[in-house]
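Structural features, examined
What follows is each chain in one-letter form.
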Amino acid sequence: MFGKLRMIMGSGSVLGYFLQALPIACLAGIVYLVIRTVMLRKRKATIRWGMELLRLVFVCYLTGLISLVILPANFWLYFYDGVFLGWWYGFEQMLRLGDINLMPSLIRWLNGELSIGSRVRTMLIGNVLMFVPMGLLLPLITRIGCGRRMLAAAVLIPVGCETLQLLFGRSFDVDDLICNFIGIVIGAAVAFAIRKVQPAGEERG
């Protein structure tokens, strides 16, 4: 059973990477839920279930995002190999600096240096979609709002992610910066629309 699941995880597909991150994201959500429940009971605070659900989703999402875009590729796959199969190898491949790409794919495509095939389109679209929840959830569960501070976050978060990727043996890619920024802005626009119809005076607990 695990052998078949491992084949899917190690296939390099979107589903494979998602399955690698899913158990850790769920575990983080469970830990957060326990800690948050204890805190709320000690404070005897009124539980606002809608907001608490959004926060739980954000914790799971953020954990999954870190697993997918910051940690070295197949990090959790190697971890599962060690836990379930006793194969503690592969981690040495991660102890290196990554590459840097400062040339956008659009420029390379216009120069005839790159063909925008299905894999490239999938990567670009995926990097946009992965960060839409960030732009959507961050303004809804914090006081950051949807204005200048959110725009600054839309710039700083991708830069931070790409810098950490470089340190973990992955690449610093300008395409990712652009796509992640677009994703956050799209999510923030949706959050702004939601907040416009949100009842006045509702506070974040």
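Quick notes on the rules
Residues numbered from 1 in each chain as written. Predicted model: local features only at pLDDT ≥ 70, side-chain atom pairs only at ≥ 80, totals over all residues. Heavy atoms only, no water. Phe/Tyr/Trp six-rings, centres within 6.5 Å; stacked < 30°, edge-to-face > 60°. Core = buried A, V, L, I, M, F, W, Y, C linked by side-chain atoms within 4.5 Å. Buried < 20%, exposed > 50% of the residue type's maximum accessible area, 1.4 Å probe, protein only. Helix = DSSP H or I, 4+ residues; strand = E, 2+ residues; numbered from the N terminus. Contact = heavy atoms within 4.5 Å. Axes fitted to C-alpha atoms, helices over the stretch in contact; angles between N-to-C directions. Parallel < 35°, antiparallel > 145°, perpendicular 65-115°, else oblique. Left-handed = near helix turned anticlockwise from the far one by under 90°. Nonpolar A, V, L, I, M, F, W, Y, C, P; charged D, E, K, R; others polar.

A word on the packing of aromatic side chains
- Counting across every chain of the model gives five aromatic pairs.
- Following the ring pairs from residue to residue traces out a cluster consisting of Phe75, Trp76, Phe79 and Tyr80.

Observations concerning the nonpolar core
- In this structure, Phe58, Leu65, Phe131, Met134, Leu138, Met150 and Ile184 are the most contacted members of the largest nonpolar core, which totals 18 residues.
- Among the secondary structure elements, those contributing two or more residues to this core are helix H3 (49-69), helix H7 (132-141), helix H8 (148-167) and helix H9 (174-196).
- The element that contributes the greatest number of residues to this core is H3, accounting for five residues.
- Apart from the residues within four sequence positions on either side, Phe58 is in contact with Met134, Leu137, Leu138 and Ile141.
- Listed in part, the seven residues of the second largest apolar core include Ile24, Leu71, Leu77 and Tyr80.

A word on the packing of H3 against H7
- For the pair H3 and H7, interaxial distance at closest approach is 10 Å and the crossing angle is 140 degrees. Taken together, H3 and H7 sit at an angle that is classed as oblique. Here H3 and H7 pass one another in a crossing that is left-handed. Judged by residue contacts, Met51, Leu54, Arg55, Val57, Phe58, Tyr61, Leu62 and Leu65 of H3 engage Pro133, Met134, Leu137, Leu138, Leu140 and Ile141 from H7.
- In terms of residue class, the contact of H3 with H7 is made up of 13 nonpolar, no polar and one charged.

Quick word on the environment of Ile194
- Note that Ile194 resides in helix H9.
- Judged by its relative accessible area of 38%, Ile194 is partly exposed.
- Residues Ile194 and Leu136, spaced 58 residues apart in sequence, show a C-alpha to C-alpha distance of 9.4 Å.
- Non-local contacts of Ile194, meaning those with residues more than four positions away in its chain, are made with Leu136 and Leu140.

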